[in-house]
There are 2 protein chains.
Amino acid sequence: MTATPFTSSFVDHALEVLKSQGLRITRQRRLVLAVLDTTDEALSAYEMKDRLTAQGEAIDTVSIYRIFDCLETHQLVHRVLSSGKVRRCALGDETACDKHQHHHCHHFLICQGCGRTDELHCPEILDQLEARLEALAVSPSGFRITGHHLELMGLCPACQ
Amino acid sequence: MTATPFTSSFVDHALEVLKSQGLRITRQRRLVLAVLDTTDEALSAYEMKDRLTAQGEAIDTVSIYRIFDCLETHQLVHRVLSSGKVRRCALGDETACDKHQHHHCHHFLICQGCGRTDELHCPEILDQLEARLEALAVSPSGFRITGHHLELMGLCPACQ
DNA sequence: TTCACTGCAAACCTTTTGCAATTCT
DNA sequence: AGAATTGCAAAAGGTTTGCAGTGAA
């Protein structure tokens, strides 16, 4: 593992990924990425459209759906189950996550006041959670766990 | 806490709750409860309608939506976030849950093979999970957690 | 130039709402 | 009888699909 600092920009990272997959960098994808980059809120396709419209950019809702799908496929955004909305994946704690192979995890803190959504990238909690779940699941039920999704609802400091 | 055994039937329990709330026991509510009682699958309104139609019972989809809402309000069913479907709440481990006030919890094991959905009523995991989450949430983010929803996807023994 | 992507239109599916008719209690 | 509940029709959302036109590489 090199100590090379990675680009701190979510957008740059996303563009790199798209490019490396032979996908095209279009105006619409740039716009969507730019909005995702500047908010902690998870957004629906219509909310994304409204934001872009507000800043004078024309884009079709259908395109946003397709871009969301594309970004989700390449693990550049998360889908929040309780709302169906989309949020950019966090960068920055990749080393911690790599170790636990939870780079693309699905643990969220959702503020019911402002909609702010934070990822929980915490190896500690992941370890605990998975160990317990697997111990629990394997013995009584025999379930083989292949994925998980955890959403915590509450109020962020600003909204309390 | 009396050692009084409670009725083992989900349907009886549900009817009691409805009655105690001044709600009416209609043919349609009985039908929906009966189907929920006999499956571990979480069902959508349309799936419920199909099952009832298959057994020769006529019911409007709108009524099913309203009945689902009613049952959810009175904590007689759970809503699975990843699918929007509804599953009966488990009875039977109430004592364990009472202690932790997790009578109506939101932890599921979902089989991606057959759709079977089990509740995770486990005080141990609940304790661990909440302690960790709260410790984690309070210090760095200041989030006040008011609810949570955990879904574990995988394969049940039969589907592996 | 080529192929991915977008926009438009339309279809589709799910969920909600209003209101008159029904049916529990 | 009186109020809650249902069914029907229609509206309202949200999401997907097909296809011709556009634009990135």
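Heads up: these notes are all about the structure in this document. (Residues numbered from 1 in each chain as written. Chains lettered and ligands numbered in written order. Predicted model: local features only at pLDDT ≥ 70, side-chain atom pairs only at ≥ 80, totals over all residues. Heavy atoms only, no water.)

## Structural notes on the pairing of strand S5 (residues 144–155) of chain A
1) Next: Summarising the sheet, strand S3 (residues 107–111) of chain A and S5 of chain A pair through five bridges and their orientation is parallel. Within S5 of chain A, the residue paired with isoleucine 110 of chain A across the bridge is methionine 153 of chain A.
2) Next: Note that S5 of chain A and strand S5 (residues 144–155) of chain B share 11 bridges and pair antiparallel. Counted as the bridge partner of glycine 154 of chain A is isoleucine 145 of chain B from S5 of chain B. (Pairing = 2+ DSSP bridges. Helix = DSSP H or I, 4+ residues; strand = E, 2+ residues; numbered from the N terminus.)

## Notes on the protein's contact with DNA strand C
1) Next: Neighbouring residues of DNA strand C: 18 residues in total, closest Gln28, Arg29, Ser63 and Arg66 of chain A together with Tyr65 of chain B.
2) Next: When the atoms of DNA strand C within 4 Å of the protein are sorted by group, sugar and phosphate make up 62%.
3) Next: Between a phosphate oxygen of DNA strand C and a side-chain N or O atom of arginine 29 of chain A, the distance comes to 2.6 Å.
4) Next: In this structure, aspartate 60 of chain A approaches DNA strand C through a main-chain N or O atom, which is 3.2 Å from a phosphate oxygen.
5) Next: Looking at the surface near DNA strand C, the elements that each hand over two or more residues are helix H2 (27–37) and helix H4 (61–73) of chain A together with helix H4 (61–73) of chain B.
6) Next: Of all the elements, H4 of chain A adds the most residues to the surface near DNA strand C, at four residues.
7) Next: Residue composition of the surface near DNA strand C, grouped by class: eight nonpolar, three polar and seven charged. (Near = heavy atom within 4 Å. Polar contact = N/O pair within 3.5 Å; in protein donor to acceptor, adjacent residues only side chain to side chain. Nonpolar A, V, L, I, M, F, W, Y, C, P; charged D, E, K, R; others polar.)

## Section: the protein's contact with DNA strand D
1) Next: Within the structure, DNA strand D sits among 18 residues, and Arg24 and Tyr65 of chain A together with Gln28, Arg29 and Ser63 of chain B are positioned closest to it.
2) Next: At the protein interface, 60% of the atoms of DNA strand D within 4 Å belong to sugar or phosphate.
3) Next: Arginine 66 of chain B places a polar side-chain atom, nitrogen or oxygen, 2.9 Å from a base oxygen of DNA strand D.
4) Next: Looking at the surface near DNA strand D, the elements that each hand over two or more residues are H4 of chain A together with helix H2 (27–37) and H4 of chain B.
5) Next: Broken down by element, the residue count for the surface near DNA strand D peaks at four residues, all from H4 of chain B.
6) Next: Considered class by class, the residues forming the surface near DNA strand D number eight nonpolar, three polar and seven charged.

## Quick notes on H4 of chain B
At 3.6 residues per turn, the α-helix brings residues three or four places apart onto the same side.
Residue and element names in this part refer to chain B.
1) Next: Taking 1.5 Å as the rise per residue, H4 with 13 residues should run 18 Å; its terminal C-alpha atoms sit 18 Å apart, in good agreement.
2) Next: Regarding H4, the residues found buried are Thr61, Ile64, Ile67, Phe68, Cys70 and Leu71.
3) Next: For H4, the secondary structure elements touched by its buried residues are helix H1 (10–20), H2, helix H3 (45–54), strand S1 (77–79) and strand S2 (86–88).
4) Next: Near the N-terminus of H4, the side chain that reaches the backbone nitrogen of valine 62, with its oxygen 2.7 Å away, is that of aspartate 60. (Expected span 1.5 Å × (residues − 1). Buried < 20%, exposed > 50% of the residue type's maximum accessible area, 1.4 Å probe, protein only. Contact = heavy atoms within 4.5 Å.)

## What to know about the pattern of salt bridges
All names here are of chain A.
1) Next: Under the criterion given, the structure shown has 18 salt bridges over all chains.
2) Next: For glutamate 72, the salt bridge goes to arginine 79, with nearest N and O atoms at 2.9 Å.
3) Next: Note on glutamate 72: relative accessible area 30%, which makes it partly exposed.
4) Next: The residue glutamate 119 makes a salt bridge to arginine 87 at a minimum N-O spacing of 3.7 Å. Placement of the pair is glutamate 119 in strand S4 (residues 117–119) and arginine 87 in strand S2 (residues 86–88), with a sequence separation of 32 residues.
5) Next: Since its relative accessible area comes to 13%, glutamate 119 is described here as buried.
6) Next: Judged by relative accessible area, arginine 87 falls into the buried class, the value being 4%. (Salt bridge = Lys/Arg side-chain N within 4 Å of Asp/Glu carboxyl O.)

## A look at the environment of leucine 36 of chain B
Residue and element names in this part refer to chain B.
1) Next: Mapped onto the elements, leucine 36 comes out in helix H2.
2) Next: On the accessibility criterion, leucine 36 (1% relative accessible area) is buried.
3) Next: With 51 residues separating them along the chain, leucine 36 and arginine 87 place their C-alpha atoms 6.7 Å apart.

## Digging into H3 of chain B
Residue and element names in this part refer to chain B.
1) Next: Among all positions of H3, only Ala45, Met48 and Leu52 are buried. Looking down the long axis of H3, one finds its buried residues gathered within 60 degrees of arc, a one-sided arrangement. Opposite the packed face of H3, turned more than 90 degrees from it, sit the exposed residues Tyr46, Asp50 and Ala54.
2) Next: One or two steps after H3, the chain reaches glycine 56, where phi turns positive at roughly 80 degrees. (Arc of directions from axis to C-beta.)

## Details of unusual backbone geometry
1) Next: In the Ramachandran plot, glutamine 75 of chain A falls in the positive-phi region, its phi being about 55 degrees despite a non-glycine side chain.
2) Next: By the element assignment, glutamine 75 of chain A lies in the loop between H4 and strand S1 (77–79).

## Concerning the sheet that holds S5 of chain B
1) Next: Read across the sheet, six strands follow the order S4(A)-S3(A)-S5(A)-S5(B)-S3(B)-S4(B) without closing on themselves; strand pairing throughout is mixed. Pairing within the sheet leaves two strands with one partner each, and these edge strands are S4 of chain A together with strand S4 (117–119) of chain B. The mean angle between the axes of side-by-side strands here comes to 20 degrees, regardless of whether they run parallel or antiparallel. (Axes fitted to C-alpha atoms, helices over the stretch in contact; angles between N-to-C directions.)

## Digging into the packing of H1 of chain B against H2 of chain B
All names here are of chain B.
1) Next: Axis separation between H1 and H2 bottoms out at 9 Å; the angle between their running directions is 145 degrees. Here H1 and H2 pass one another in a crossing that is right-handed. Touching Phe10, Val11, Ala14, Leu15 and Leu18 of H1 are Arg29, Arg30, Leu33, Ala34, Leu36 and Asp37, all from H2. (Left-handed = near helix turned anticlockwise from the far one by under 90°.)

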